[in-house]
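Results of the structural survey
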Amino acid sequence: MNQPYYYQYQQYMYQQRMRAKQLRRTFNPIGWTLVVYYLIMNVTVAAVMVVDIMAQVFQMMAVDPDMDITSGMDALMDAAMESGGWGYLLSAAIGLFVLLVWKGKDFWKQQIFAKGRPMKPGDFFLILCIFIGIQLLASLMSSVLEMILNQFGLSMMSVLESASGQSSGLSMFIYASICAPITEELLFRGYVQRTLMPYGKKFAIFCSAVLFGLFHGNLIQTPYAFAVGLVLGYVAVEYNVVWAMVLHMLNNMVLADLLTRVSSAIAPGQEDMISGLVILAFGIAAVVVLIVKRKRIAAYLRQERMDRQCLKSFFGNAGVITLTVLMLSNLLLLITAI
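Keep in mind that this is a model prediction, so the values were computed, not measured.

So, on to the packing of aromatic side chains. Scanning all chains against the criterion turns up 17 aromatic pairs. Centroid distance F27 to F314: 5.5 Å. Interplanar angle 75 degrees. Geometry classified as edge-to-face. You can see F27 sitting in helix 1 (residues 3-63) and its partner F314 sitting in helix 13 (residues 308-315), a full 287 residues away along the chain. For F27, a relative accessible area of 0% corresponds to the buried category. Here Y234 and Y300 contribute two aromatic rings whose centre-to-centre distance is 5.1 Å and whose plane-to-plane angle is 85 degrees, an arrangement assigned as edge-to-face. Placement of Y234 in helix 9 (residues 221-238) and of Y300 in helix 12 (residues 294-301) is noted, with a sequence separation of 66 residues between them. Clustering of aromatic rings is evident, with ring pairs tying together F27, Y199, F203, F206, F226, F314 and F315. Here the basic side chain of K103 rests over the ring of W102, its NZ or CZ set 5.1 Å away from the ring centre.

Counting 58 residues, the largest nonpolar core has L34, L196, L211, F215, L247 and F314 as the members making the most contacts within it. Looking at this core element by element, the count peaks at nine residues for helix 7 (residues 170-196). Excluding residues that lie within four positions of it along the chain, L34 makes contacts with L187, F188, V192, L211, F215 and L323.

This part takes up the confidence of the model for the protein. In this model, the protein carries a mean pLDDT of 82, and residues with pLDDT of at least 70 account for 81%. Averaged pLDDT values over the elements of the protein bottom out at 56 in helix 6 (residues 157-164) and peak at 94 in helix 8 (residues 201-216).

For the rest of this paragraph, the subject is the pattern of salt bridges. If you walk through the whole model with that rule in mind, you get four salt bridges. Among the ionic pairs, E185 bridges to R189, the shortest N-O distance being 2.8 Å. Residue E185 and its partner R189 are both found in helix 7; the two are separated by four residues, about one turn of the helix. Overall, E185 belongs to the buried group, its relative accessible area being 0%. The shortest N-O distance in the salt bridge between E238 and K201 comes to 2.9 Å. Of this pair, E238 sits in helix 9 while K201 sits in helix 8; the two residues are 37 residues apart in sequence, bridging distant segments of the chain. Among the residues examined, E238 registers a relative accessible area of 11% and is labelled buried. Overall, K201 belongs to the partly exposed group, its relative accessible area being 23%. Through salt bridges with shared partners, one network takes in R117, K201 and E238.

What follows is about a positive patch on the surface. A cluster of basic residues, K21, R24, R25 and K312, forms a positive patch at the surface. Of all the elements, helix 1 adds the most residues to the positive patch, at three residues. Note that R24 resides in helix 1. Judged by relative accessible area, which is 36%, R24 ranks as partly exposed.

Criteria and thresholds
All residue numbers here refer to positions counted from 1 along the written sequence of the relevant chain. pLDDT decides what is reported in this predicted model: residues at 70 or higher carry local features, side-chain atom pairs at 80 or more are listed and counted, and totals for whole chains, interfaces and linings draw on all residues regardless. As a rule here, side-chain values cover all heavy atoms of the structure and leave hydrogens and water aside. Ring geometry is summarised as follows: Phe, Tyr and Trp rings, the Trp one being its six-membered ring, pair when their centres sit within 6.5 Å, and such pairs are stacked at plane angles under 30 degrees, edge-to-face over 60 and tilted between the two. Going along the chain from the N terminus, every DSSP run of H or I of four or more residues is numbered as a helix, and every run of E of two or more is numbered as a strand. Relative accessible area decides the class of each residue, using a 1.4 Å probe on protein chains only: under 20% of the type maximum gives buried, over 50% gives exposed, and in between gives partly exposed. In this analysis the charged atom, NZ for Lys or CZ for Arg, is taken to sit over a ring once it is within 6 Å of the ring centre and within 35 degrees of the ring normal. Nonpolar core, defined: a set of buried Ala, Val, Leu, Ile, Met, Phe, Trp, Tyr and Cys residues in which side-chain atoms within 4.5 Å join the residues together. Note on definitions: a residue-residue contact is assigned when non-hydrogen atoms from the two residues lie within 4.5 Å. Confidence scores labelled pLDDT are given residue by residue by the predictor and lie between 0 and 100. Just to be clear on terms, a salt bridge is a Lys or Arg side-chain nitrogen sitting within 4 Å of an Asp or Glu carboxyl oxygen. Put simply, a patch holds well-exposed residues, over 30% relative accessible area, that have no salt bridge, with like charges counted together within 9 Å and Val, Leu, Ile, Met, Phe, Trp or Tyr side chains within 5 Å. Residue burial considers only the protein chains on display, and all accessible areas are found by Shrake-Rupley using a 1.4 Å probe. Positive residues here are Lys and Arg, negative ones are Asp and Glu, while His and the chain termini are left out of the count. By convention, charge coordinates are those of NZ in Lys, CZ in Arg, CG in Asp, or CD in Glu.

Here it is as structure tokens:
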């Protein structure tokens, strides 16, 4: 081999290894941050439920000291599940406080709430059509998956109902409709996506959407969350993270909760049909938007290419691998439990 070329090649490979090492060092805290947040959330929710159960037990024993507590354990667990929303609210507050202290207020002001171009009503409607239209695709995928599982004597209906149905209890309504959209947007489109922005918009949007999908941890929500994560990521980058919160709230509050409640009040027993027709209408509108705006969308996607080394370093660092294993394990546990 030509000596000058050999040394140039060796130098190039060394630079590539150093760059990959630096990228992993930069990306590593992202995965670990989400792991810590996931643990905080689960530990806090479990602690709140345990406290609630103990309080109910003491109250029951005060009324009847000879009462057999074990006979009413199912009722105690159901009541504790109803109060679980307060645990989610508390965990969100703890997680955001830790993130705020760690990253500092300058990061929040200058990065997370960085403003893009103004949102026009027409643009918002087009994005909303695509956003809701994704739910139609997710519903079709869920139906196909359910049919496949039925062939093996399995069903995902319980998971599907918990993922898409209306919230139970005031605390869960507040969390799912208001707190979760704000917290998740600050975490995924704020911290994660803004940290990745120096390596390209498409890279940041894609990677944050993948982690957002994984974080939902079940077979029904993961693909759907990934798809809507792409839309929310685009909105946060091009407009503002606040608009991503608005879309997220509309999905969780209106589509997943209020639409079901209103439909049930208008036509009892027909809420699924009414919700389905609304989503179908938006799904058709989304197809029309994609066809009409296909050139604009294609031009946006061609703006830049994702760096393969960045992708490899991001999904190959210890933090993201740990998060992925944790979420996939949770997904597999849900599958084996059905």
